[in-house]
Amino acid sequence: MKKSLLILFSIIQMTNMNAQENKELPGNTKLPSSPEELIKIAELDKGDYKYSIEDYFAKPKQSDFQFSPNGLYFSYREKDKKGKKHIYIKNTETDKVEKIVEEGEELVRGYGWINDNRLIYVKDHGGDENYQLFAIDVDGKNPLALTPFDGVKVDIINSLPEHEDFMIIQMNKNNPQIFEPYKIDVNTGELTQLFENKNIAAPIAGYDFDKDGNLRAYTQQDNFVDYILYYRTDEKAGFEKVVKTSWKDNFHIIGFDYRSKNKHAAYVKTNLESNTDEIVLYDLAKKEIIKKVFSNEDFDVSGMNRSRYRNYEIDYFSYTGEKKHIIPVSEHYKKLYKIFTEKFGDKEFSITSKTKIEDKYLVYTGSDKFYGSYYLYNAKTQGFKKLMDLMPQLKEEDMAEMKSIKVKSRDGLTLYCYLTVPKNASAKNKAPLIVNPHGGPYGVRDYWGFNPETQLFASRGYATLQVNYRGSGGYGKEFFLAGNKQIGRKMLDDLEDAVAHVKKMDWIDDEKLAIYGGSYGGLATLGSLVKTPDLYTCGVDYVGVSNLFTFFDAFPPYWKPYLGQVYEQWYNPEDEEDKKTMTAVSPALNVDKITKPLFVIQGANDPRVNIHESDQMVENLRARGFKIPYMVKYNEGHGFSHEENRIELYKTMLGFFSEHLK
């Protein structure tokens, strides 16, 4: 939960309203712009373009490929004519295909294999993020709602492949503010609570189970801002304190070392003795580091991968700098890495699924100009079979390059940024610039790779700048903590410094700059229009925070125990100086400083950024005489997941940009 908190904001109007006419709709339903008003804006994007918005944002025909553990079945999702993505199973011996899960009004948010004969999948209600768990057999029989509890959020902790009819989940079933672990039978739905999390003042923030489902350790919150890891040497022993950290530090168990004779050895991701996150082998009984396993001086390690089939041998470590990096370790993976590198060249690749005995692999490959393909790799024959190109309609040679650039902030920090450049941009054909701050803001970052948004913008002649401002994740503790209490302040300075750097490029039209972001990126958009009203031509706020006071008040119940961290990281409304800063950096309280056009977008069921955040922004600006287009979807939450809504969003956004940037 500590890590989850760091990524708080870690991605048809009338029909939806009619479908819910018997329910009270969220927000002020008089505020959203009419469909006719939004269509008029969308129609402003005129041009003879090679690719449509649907080409970039229509869901792939097939996606989410997975093997069953024994490799007998191959699962995937396939889109129908209405945009619904159903789950299909293919028998690899008979080639028989059967649809086993039909997606209805509520979207299937994810699925996976629990054993060779049964799958699980999750859904919520209209984007409210109260995920519920379902299971079904490979032949479509025995469907079961495993967690049919209204208003309860379910997270998967362990899949327990050693005990294939069970898994471990956590739910806030007994108290909406805190989560407790359960063992669940995926065939019957029978639940066994494994531990009680009673202390609301000091709740347990995370549980560490081993491969057999034994609770070995847990992390408890202390004083609302600190965390204590407790460990027990065996099931009969009590839990003892291992280490105490603050939210500013990392010390997380990745997994227990099952190859070691020392049953107390575990791989831990930590930055207690370094600036960047590193992986160490740690003795939880002796409370000491056995050895340091992997680190990078400049970037946080992102993870490690082990082979269950080969007795949990380490295959590789990974970290992300300007691009993603994989460091092979085992001889087995070194051979795979060499084969995949020779096959895919300079494209990035990753193993997305493999069989239990590792004889077949599903490999995804892509780049900044290539959305991606899936390949089946047969380890016995060392042969590849392309399964599909995810977006074959988008030709790699037509896509724009995403360049990695580094910028020095005014106070000396190195900012890693990405700049997507239209193919026809030149000194004679200057490109308007869209600045796109990521959400979060803390612990999240932008990555190099194919981005449908930036490619769409480039196809219309716009350059896109993405800035990993201070507080972003992956760059070490010092850079992360440099974002402390800098929302609306130095975080926006970083955007301005990066913009100033890019404006010097002779193919950028420095008089036509827009800013657009979602979640915290929406707050950064609004804050930039307040702080630097002359810098940007217009802005687009997508599910963004507008008022820190009302934002804090509307937190979901399961965020409440972490307000102490929020107050230290963001601002504390009970502190007089912080309260003044919160007032100064809350755009809804400073609308008199906004002078440029704004487009606002909101999902009505958003549990993270309540619809009132957008409503008050629209109300306050319209009261000043501003014409503010406002798109609200009543079947969406924190971001639009329904294909038709996403396409409408981008059509309207491009019309808005066309009106103000061309």
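Residues numbered from 1 in each chain as written. Predicted model: local features only at pLDDT ≥ 70, side-chain atom pairs only at ≥ 80, totals over all residues. Heavy atoms only, no water.

## Here's the deal with the pattern of salt bridges
Phase 1 of the analysis: Under the criterion given, the structure shown has 39 salt bridges.
Phase 2 of the analysis: The partner of Arg 118 in a salt bridge is Asp 137, and the shortest N-O contact between them spans 2.7 Å. Residue Arg 118 is located in strand S6 (residues 118-123), and its partner Asp 137 is located in strand S7 (residues 132-137); the two are separated by 19 residues in the primary sequence.
Phase 3 of the analysis: Residue Asp 137 is classed as buried on the basis of its relative accessible area, which comes to 15%.
Phase 4 of the analysis: Ionic pairing is found between Lys 580 and Glu 577, a salt bridge with its closest N-O pair at 3.6 Å. Remark: Glu 577 and Lys 580 occur in helix H12 (residues 576-585); sequence separation between them is three residues, near one turn of the helix. Across the pair, exposure class does not vary: Lys 580 and Glu 577 are exposed alike.
Phase 5 of the analysis: Several salt bridges share partner residues, and in doing so they unite Arg 310, Glu 313, Asp 315, Lys 354 and Glu 358 into one network. (Salt bridge = Lys/Arg side-chain N within 4 Å of Asp/Glu carboxyl O. Helix = DSSP H or I, 4+ residues; strand = E, 2+ residues; numbered from the N terminus. Buried < 20%, exposed > 50% of the residue type's maximum accessible area, 1.4 Å probe, protein only.)

## Some points on the nonpolar core
Phase 1 of the analysis: By size, the foremost hydrophobic cluster in this structure holds 87 residues, and its most contacted members are Leu 419, Leu 433, Leu 465 and Trp 570.
Phase 2 of the analysis: Beyond its immediate chain neighbours, meaning those up to four positions away, Leu 433 contacts Leu 419, Ala 463, Thr 464, Leu 465, Val 502, Ile 508, Lys 512, Leu 513 and Ala 514.
Phase 3 of the analysis: Of all hydrophobic cores here, the second largest spans 32 residues; its members include Leu 394, Tyr 516, Met 631 and Leu 649. (Core = buried A, V, L, I, M, F, W, Y, C linked by side-chain atoms within 4.5 Å. Contact = heavy atoms within 4.5 Å.)

## Topic: helix H6 (residues 452-459)
Phase 1 of the analysis: For H6, the tally of buried residues reaches seven of eight residues, placing the bulk of the element in the interior.
Phase 2 of the analysis: The backbone nitrogen of Glu 453 has a side-chain oxygen 2.9 Å away, supplied by the residue at the start of H6, namely Asn 451.
Phase 3 of the analysis: Positive backbone phi, at 95°, marks Gly 461, one or two positions downstream of H6. (Polar contact = N/O pair within 3.5 Å; in protein donor to acceptor, adjacent residues only side chain to side chain.)

## Quick look at the packing of aromatic side chains
Phase 1 of the analysis: Applying the stated criterion across every chain, the model contains 57 aromatic pairs.
Phase 2 of the analysis: Between Phe 599 and Phe 656, the ring centres sit 5.8 Å apart and the planes meet at 40°, which makes this aromatic pair tilted. With a gap of 57 residues between them, Phe 599 in strand S34 (residues 598-603) and Phe 656 in helix H14 (residues 643-661) connect regions that are remote in the sequence. The residues Phe 599 and Phe 656 share a single accessibility class, namely buried.
Phase 3 of the analysis: Feature note: the residues Tyr 316, Tyr 333, Tyr 337, Phe 340, Phe 344, Phe 349, Tyr 361, Tyr 375, Tyr 377 and Phe 384 constitute an aromatic cluster, connected by ring pairs.
Phase 4 of the analysis: Here the basic side chain of Lys 123 rests over the ring of Phe 134, its NZ or CZ set 4.9 Å away from the ring centre.
Phase 5 of the analysis: For the cation-ring pair, Arg 460 lies above Tyr 49, with the distance from its terminal atom to the ring centre recorded as 4.0 Å. (Phe/Tyr/Trp six-rings, centres within 6.5 Å; stacked < 30°, edge-to-face > 60°. Lys NZ or Arg CZ within 6 Å of the ring centre and 35° of its normal.)

## Some details on unusual backbone geometry
Phase 1 of the analysis: Cis rather than trans, the peptide bond between Gly 440 and Pro 441 has omega equal to -5°.
Phase 2 of the analysis: Tracing the backbone shows Pro 441 in the loop between strand S30 (431-435) and H6.
Phase 3 of the analysis: Its identity is not glycine, yet Asn 223 carries a phi of approximately 60°, on the positive side.
Phase 4 of the analysis: As for its position among the elements, Asn 223 is in the loop between strand S14 (215-222) and strand S15 (226-231).

## A closer look at the packing of helix H8 (residues 490-503) against helix H9 (residues 520-531)
Phase 1 of the analysis: The contact between H8 and H9 brings their axes to 10 Å, and the two run at 80°. Our classification of the angle between H8 and H9 gives roughly perpendicular. Residues Met 491, Leu 492, Asp 493, Leu 495 and Glu 496 of H8 form the contact with H9, whose own contacting residues are Tyr 520, Ala 524, Gly 527, Ser 528 and Lys 531.
Phase 2 of the analysis: Broken down by class, the residue content of the contact of H8 with H9 amounts to five nonpolar, two polar and three charged. (Axes fitted to C-alpha atoms, helices over the stretch in contact; angles between N-to-C directions. Parallel < 35°, antiparallel > 145°, perpendicular 65-115°, else oblique. Nonpolar A, V, L, I, M, F, W, Y, C, P; charged D, E, K, R; others polar.)

## A short note on the sheet that holds strand S21 (residues 301-307)
Phase 1 of the analysis: With antiparallel pairing, three strands are arranged side by side in an open sheet as S21-S22-S23. At either end of the open sheet lies a strand with only one pairing partner, and these are S21 and strand S23 (324-328). The mean inter-strand angle of the sheet, taken between neighbouring strand axes irrespective of direction, is 20°.
Phase 2 of the analysis: When strand S22 (residues 313-320) meets S23, the two strands line up antiparallel, connected through five bridges. Looking at the pairing, Phe 317 lines up with Ile 327 of S23.
Phase 3 of the analysis: Across the sheet, helix H5 (residues 331-344) touches S22 and S23, and the angle it forms with S23 is around 135°. (Pairing = 2+ DSSP bridges.)

## So, the pairing of strand S31 (residues 463-468)
Phase 1 of the analysis: Here S31 lies mainly inside the structure; six of its six residues are buried.
Phase 2 of the analysis: Pairing of strand S29 (residues 414-421) with S31 involves five bridges; the strand directions are antiparallel. Counted as the bridge partner of Leu 419 is Leu 465 from S31.
Phase 3 of the analysis: Of the strand pairs in this sheet, S30 and S31 are connected by three bridges, and their pairing is parallel. Its bridge partner being in S31, Val 435 is matched across the sheet by Leu 465.
Phase 4 of the analysis: Assessed by its sense of winding, the connection that carries the chain from S30 through H6 to S31 is right-handed. (Right-handed = clockwise from strand over helix to strand, strands pointing away.)

## Digging into the packing of helix H3 (residues 35-42) against H14
Phase 1 of the analysis: Contact geometry of H3 with H14 gives a least axis separation of 7 Å together with a crossing angle of 60°. On the basis of their axis angle, the class for H3 and H14 is oblique. Of H14, the residues touching H3 (which contributes Leu 38, Ile 41 and Ala 42) are Glu 648, Lys 651, Thr 652, Gly 655 and Phe 656.
Phase 2 of the analysis: Its residues assigned to classes, the contact of H3 with H14 comprises four nonpolar, two polar and two charged.

## Overview of the pairing of strand S10 (residues 166-171)
Phase 1 of the analysis: Counting buried positions along S10 gives five out of six residues, so the element sits mostly inside the fold.
Phase 2 of the analysis: Judged from the four bridges that link them, strand S9 (residues 154-158) and S10 form a sheet pairing that is antiparallel. If you follow Asn 158 over to S10, its bridge partner there is Ile 168.
Phase 3 of the analysis: In the sheet, S10 pairs with strand S11 (residues 180-185) via six bridges, with the strands oriented antiparallel. Within S11, the position partnered with Ile 168 by the bridge is Lys 183.

## Things to note about the sheet that holds strand S25 (residues 360-366)
What links the strands of a sheet is backbone hydrogen bonding, and the strands pair in either a parallel or an antiparallel sense.
Phase 1 of the analysis: Pairing in this open sheet of four strands is antiparallel, and the strands run S24-S25-S26-S27 from one edge to the other. Single-partner strands in this sheet number two, and they are strand S24 (348-354) and strand S27 (383-389). Ignoring which end each strand starts from, the neighbouring axes of this sheet average 30° apart.
Phase 2 of the analysis: Pairing analysis gives six bridges linking strand S26 (residues 373-378) to S27, with the strands arranged antiparallel.

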